[in-house]
Amino acid sequence: MDSGQRTSTSRSAVRAALVAERAEATRSALVAAARRLFVEKGYFDTSTEEVVAAAGVGTRGALYHHFADKKALFLTVFEQVEEDVLAAADTATTSSGDALARLRHGLLGFLDASLQPEVQRILLIDGPAVLGWREWRAIEERYGLGAIHALLDLAVTEGTVPAQPLNALAHILLAAIDEAALFIASADDPAAAKDQAVAAVDQLLTGLKVTNR
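Residues numbered from 1 in each chain as written. Predicted model: local features only at pLDDT ≥ 70, side-chain atom pairs only at ≥ 80, totals over all residues. Heavy atoms only, no water.

Remarks on the overall build of the protein
1) Next: What the protein contains, in helices and strands, is 9 helices and 0 strands.
2) Next: Along the protein, from the amino end to the carboxyl end, the secondary structure elements read α-α-α-α-α-α-α-α-α.
3) Next: Residue burial in the protein is summarised as follows: out of 213 residues, 38% are buried.
4) Next: In the protein, once contacts between residues fewer than 6 apart in sequence are set aside, the share between residues at least 24 apart is 73%.
5) Next: Put simply, the protein shows about 11200 Å² of open surface, and 55% of that area lies on carbon and sulfur atoms. (Helix = DSSP H or I, 4+ residues; strand = E, 2+ residues; numbered from the N terminus. Buried < 20%, exposed > 50% of the residue type's maximum accessible area, 1.4 Å probe, protein only. Contact = heavy atoms within 4.5 Å. Areas by Shrake-Rupley, 256 points an atom, 1.4 Å probe, with all protein chains shown as cover.)

Structure below.
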């Protein structure tokens, strides 16, 4: 390859990198705008035109270049919020204490998060309605089930929880915490509802402990 060809290849690579960078910036702007609007107005009262205008990306063609439709955009926002909640829960479960205590910190951390407007609106109110119960539940399992199961397994190893079929128990705990979060999100007084949910979850977790320790 002569110097002219190398220069042309280099310029093509630079142009491709710039195009990719602009595309990613556009996509990020659309997701950020949609996340804000879905929280403020809700999914069903937010139009794609509003998202495009808030993102400052020109026309709806830019949105449909990255997302098949508004539901696909919502799914991306939904998973982004899930990842943020999971990251916060991971931080909570790295605190000191045995595995059961760490599991408690993580579960109650999710209940704390359920007081946040974006978690309430996107994950708990609009999520099941937009995605459908089956898809919403599958995503919740993907993000939460493995972490719950791993901590239960560790608790059995530590001897704080008796040996038992953990797959069933992990699903039951996930269902309980999801229902508790939905209870909080739909309550007239979410803070009071959270206190009631925390008390119920604490009773549930206390019942898991080995009694002869």
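Moving on from the model shown.
Here we look at the pattern of salt bridges
1) Next: Inspection of every chain in the model, using the stated rule, returns 12 salt bridges.
2) Next: Between Asp112 and Lys194 there is a salt bridge whose closest N-O contact spans 2.7 Å. One end of the pair, Asp112, is in helix α5 (residues 99-113); the other, Lys194, is in helix α9 (residues 190-206), with 82 residues separating them in the sequence.
3) Next: Taking relative accessible area as the criterion, Lys194 reaches 16% and is therefore assigned buried. (Salt bridge = Lys/Arg side-chain N within 4 Å of Asp/Glu carboxyl O.)

Looking at the packing of helix α6 (residues 117-131) against helix α8 (residues 166-185)
1) Next: Viewed as axis vectors pointing N to C, α6 and α8 meet at an angle of 120°, and their least axial separation amounts to 10 Å. In terms of axis orientation, α6 runs oblique to α8. Like other packed secondary-structure pairs, α6 and α8 cross with a definite hand, here left-handed. In this structure, α6 uses Gln120, Leu124 and Ile125 to contact α8, whose residues at the interface are Ala181, Leu182 and Ala185.
2) Next: A class-by-class count of the residues in the contact of α6 with α8 yields 5 nonpolar, 1 polar and no charged. (Axes fitted to C-alpha atoms, helices over the stretch in contact; angles between N-to-C directions. Parallel < 35°, antiparallel > 145°, perpendicular 65-115°, else oblique. Left-handed = near helix turned anticlockwise from the far one by under 90°. Nonpolar A, V, L, I, M, F, W, Y, C, P; charged D, E, K, R; others polar.)

A look at the layout of surface pockets
1) Next: The volume enclosed by the largest pocket comes to roughly 310 Å³.
2) Next: Leu86, Ala89, Phe110, Tyr143 and Gly144 are, among the 20 residues lining the largest pocket, the residues nearest its centre.
3) Next: Sorting the residues of the lining of the largest pocket by element identifies α4 (70-93), α5, α7 (133-158) and α8 as the ones contributing at least two each.
4) Next: Taken together, the residues of the lining of the largest pocket break down into 12 nonpolar, 3 polar and 5 charged.
5) Next: A volume near 160 Å³ is recorded for the second largest pocket.
6) Next: In terms of lining, the second largest pocket is formed by 11 residues, of which the most central are Asp98, Leu100, Ala101, Leu205 and Lys209. (1 Å grid on protein atoms, 1.4 Å probe; cavity = no way out; pocket = protein on both sides within 12 Å on 5 of 7 lines; lining within 4 Å. Points joined across faces, edges and corners; volume = space filled by probe spheres on them.)

Section: α7
1) Next: For α7, built from 26 residues, the straight-helix expectation of 38 Å at 1.5 Å per residue is met to within 8% by its first-to-last C-alpha distance of 36 Å.
2) Next: Where α7 bends most, the angle comes to about 40°, and this point is Gly144.
3) Next: Considered for burial, the residues of α7 that qualify are Trp136, Arg137, Ile139, Glu140, Tyr143, Gly144, Leu145, Ile148, Leu151, Leu152 and Ala155.
4) Next: Gly159 sits one or two positions beyond α7 and adopts a positive phi of about 90°. (Expected span 1.5 Å × (residues − 1). Bend = angle between axes of the 7 residues up to and from the residue.)

Regarding the nonpolar core
1) Next: Ranked by internal contacts, the top residues of the largest apolar core, which has 58 residues, are Leu103, Leu111 and Leu152.
2) Next: At the level of secondary structure, the elements contributing two or more residues to this core comprise α1 (3-41), α2 (48-55), α4, α5, α6, α7, α8 and α9.
3) Next: Per-element tally for this core: the top contributor is α8, with 11 residues.
4) Next: Ignoring any residue separated from it by four or fewer positions in sequence, one finds Leu103 in contact with Ile148, Leu151, Leu152, Leu173 and Leu205. (Core = buried A, V, L, I, M, F, W, Y, C linked by side-chain atoms within 4.5 Å.)

Things to note about the environment of Leu75
1) Next: On the secondary structure map, Leu75 appears in helix α4.
2) Next: When the C-alpha atoms of Leu75 and Leu131 are compared, they prove to be 7.7 Å apart, with 56 residues separating the residues in sequence.

Thoughts on the side chain of Gln120
1) Next: Residue position: Gln120 is located in helix α6.
2) Next: From its side chain, Gln120 meets the backbone oxygen of Ser114 in a polar contact 3.0 Å long.
3) Next: Those residues in contact with Gln120 that lie beyond four places of it in its chain are Ser114, Leu115, Ile125, Ala185 and Pro190. (Polar contact = N/O pair within 3.5 Å; in protein donor to acceptor, adjacent residues only side chain to side chain.)

Purely spatial values, then, with no claim about function.
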